[in-house]
Amino acid sequence: MNDFYRKNTGKTGEDFIAEKLVSDGWEILVRNWRRREGEIDIIALDGDTLVFVEVKTWPCGWREDLEYVINPVKRRRMIKLAECFINGNPGYGDKLVRFDVIFTGFNPGEIRPGETAPGEIIHLRNAFTEI
């Protein structure tokens, strides 16, 4: 898969998820928040909870692979980035914090059993916590 296809697929999935979250009543604060250490796809408020969201777009992923996507290194990076965001935005310091991972499928071809279907959403709320 070339870089253009991968980035375009990822952006399409992130756009889809952001729209879905807004329609569910979430307030999107920032998308693609970047620092030298990495990026958080979506930072949002779900009620009074500050949520840091990692979006994974699966062009033809297998559900069994989901547990391998957010490895310990990625989790630590997201936690560090969340701390940076909160330190730089003290108005959110009193919020509960949650880390969600949302998978969505955008497979343009035929779907085989076990694959993520186009538009399917698997939302892992509180996918991990700070250790």
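Please refer to the structure higher up on the page.
Residues numbered from 1 in each chain as written. Predicted model: local features only at pLDDT ≥ 70, side-chain atom pairs only at ≥ 80, totals over all residues. Heavy atoms only, no water.

Draft legend 1. How the structure looks around helix α3 (residues 72–88). The terminal C-alpha atoms of α3 lie 24 Å apart, and with 17 residues this matches the ideal 24 Å at 1.5 Å per residue to within 8%. Where α3 is concerned, the buried positions are Lys 74, Met 78, Ile 79, Leu 81, Ala 82 and Phe 85. Taken end-on, α3 shows its buried residues confined to a sector of 165 degrees, consistent with a single buried face. Residues of α3 that are exposed and point more than 90 degrees away from the buried face comprise Arg 76 and Asn 87. The backbone nitrogen of Val 73 has a side-chain oxygen 3.1 Å away, supplied by the residue at the start of α3, namely Asn 71. (Helix = DSSP H or I, 4+ residues; strand = E, 2+ residues; numbered from the N terminus. Expected span 1.5 Å × (residues − 1). Buried < 20%, exposed > 50% of the residue type's maximum accessible area, 1.4 Å probe, protein only. Arc of directions from axis to C-beta. Polar contact = N/O pair within 3.5 Å; in protein donor to acceptor, adjacent residues only side chain to side chain.)

Draft legend 2. Main features of the pattern of salt bridges. In this structure the tally under the stated criterion is eight salt bridges. Here Arg 34 ties to Glu 39 by a salt bridge, and the two come within 3.0 Å at their closest N and O atoms. Residues joined by salt bridges that share partners form a network here, namely Asp 46, Arg 98, Asp 100 and Arg 125. (Salt bridge = Lys/Arg side-chain N within 4 Å of Asp/Glu carboxyl O.)

Draft legend 3. Main features of the packing of aromatic side chains. Across all of its chains, the model carries five aromatic pairs by this definition. Between Trp 33 and Phe 85 the ring centres are 5.4 Å apart and the planes differ by 90 degrees, which places this aromatic pair in the edge-to-face class. In this pair, Trp 33 sits in strand β1 (residues 27–35) while Phe 85 sits in helix α3, placing the two residues 52 residues apart along the sequence. Per residue, the accessibility class of Trp 33 equals that of Phe 85, and both read buried. Each ring, one from Phe 99 and one from Phe 128, has its centre 4.9 Å from the other, and the planes form 20 degrees; the classification is stacked. Of this pair, Phe 99 sits in strand β4 (residues 96–105) while Phe 128 is found in strand β5 (residues 121–128), placing the two residues 29 residues apart along the sequence. Among the residues examined, Phe 99 registers a relative accessible area of 6% and is labelled buried. Ring pairs connect the aromatic residues Trp 33, Phe 52, Phe 85, Tyr 92, Phe 99 and Phe 128, which therefore count as one cluster. (Phe/Tyr/Trp six-rings, centres within 6.5 Å; stacked < 30°, edge-to-face > 60°.)

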